[in-house]
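Next come the chains, spelled out residue by residue.
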Amino acid sequence: MTDRTIWMRVGAVAGMIGAAAVCAMPSAGATVTQVRMSQGVNVGSATDYGTGCTYQARAALTDVVQPVVFYDNGVPFAVAKPSGAVALVDWVPATQGLHTISAVQAPDDIVVASADVRVGTGVHLGYACNVFGG
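A short tour of the structure in this document, coming up.

Looking only at helices and strands, the protein has one helix and ten strands in total. Classification of the 134 residues of the protein by burial places 31% in the buried group. When contacts within the protein are restricted to residue pairs at least 6 apart in sequence, those whose partners lie at least 24 apart make up 60%. Accessible surface, the protein as shown: approximately 8100 Å² in total, 60% of it carbon and sulfur.

Our next topic: the side chain of Thr51. If you trace the backbone, Thr51 turns up in the loop between strand E3 (49-50) and strand E4 (55-61). A polar contact of 3.3 Å, which involves the side chain of Thr51, links it to the backbone nitrogen of Gly122. Setting aside residues up to four positions removed in sequence, Thr51 forms contacts with Pro93, Ala94, Thr95, Gln96, Val119, Gly120, Thr121 and Gly122.

Turning our eyes to something else, we now look at the sheet that holds E4. Strand order in this open sheet of three strands is E1-E4-E7, and the pairing throughout is antiparallel. A single partner strand is all that each edge strand has here, and the edge strands are strand E1 (32-38) and strand E7 (86-91). Taking each pair of neighbouring strands and ignoring which way they run, the sheet shows an average axis angle of 20 degrees. Where E4 lies against E7, six bridges are found, and the strand directions are antiparallel. Pairing of Ala59 across the sheet is with Ala87, part of E7.

With that settled, the discussion passes to the nonpolar core. By size, the foremost hydrophobic cluster in this structure holds 24 residues, and its most contacted members are Val32, Met37, Val68, Phe70 and Trp91. Secondary structure elements with two or more residues in this core: E1, E4, strand E5 (68-72), strand E6 (75-80), E7, strand E8 (97-105), strand E9 (114-125) and strand E10 (128-132). The biggest single contributor to this core is E4, with four residues. The contacts of Phe70, once residues within four sequence positions are left out, are Ala57, Arg58, Ala59, Val75, Pro76, Phe77, Ala78, Ala80, Ala87, Val89, Ser102 and Ala103.

Looking now at the packing of aromatic side chains. Inspection of the entire model under this criterion finds three aromatic pairs. Seen from their ring centres, Phe70 and Phe77 are 6.1 Å apart, and the 50 degrees between their planes marks the pair as tilted. Relative accessible area serves as the criterion here: at 29%, Phe77 is assigned to the partly exposed category. An aromatic cluster is present here, built from Tyr49, Tyr55 and Trp91 joined pairwise through their rings.

Conventions we followed
- Residues numbered from 1 in each chain as written.
- Predicted model: local features only at pLDDT ≥ 70, side-chain atom pairs only at ≥ 80, totals over all residues.
- Heavy atoms only, no water.
- Helix = DSSP H or I, 4+ residues; strand = E, 2+ residues; numbered from the N terminus.
- Buried < 20%, exposed > 50% of the residue type's maximum accessible area, 1.4 Å probe, protein only.
- Contact = heavy atoms within 4.5 Å.
- Areas by Shrake-Rupley, 256 points an atom, 1.4 Å probe, with all protein chains shown as cover.
- Polar contact = N/O pair within 3.5 Å; in protein donor to acceptor, adjacent residues only side chain to side chain.
- Pairing = 2+ DSSP bridges.
- Axes fitted to C-alpha atoms, helices over the stretch in contact; angles between N-to-C directions.
- Core = buried A, V, L, I, M, F, W, Y, C linked by side-chain atoms within 4.5 Å.
- Phe/Tyr/Trp six-rings, centres within 6.5 Å; stacked < 30°, edge-to-face > 60°.

Encoded structure:
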């Protein structure tokens, strides 16, 4: 066997090991990179978020295909399909107090982004809500 043949075989084996290592590496999962809440036209003195009022939760994503699950204090309240790199859902808080809105994107289930929102008592005024307390 010549030196050239040996080095060709060593190179081929090294290439196969490298390819196997790349195939065995876990792929990066889909991730929610940011969660934001829109208060719309709702207003209050201490907070703009009130019970019974409708708000929009927005999640910025790394995957434009996988569904997104939204949580309110760890309890799922909506599942949305992405529209581009964003998923949007409506949120209507039922209770007063601090709410942590978070989202995860399948197949990943690790929360890396959330938004804290203080909720007061909402009173509907046509298309908007007036918020008391908070």
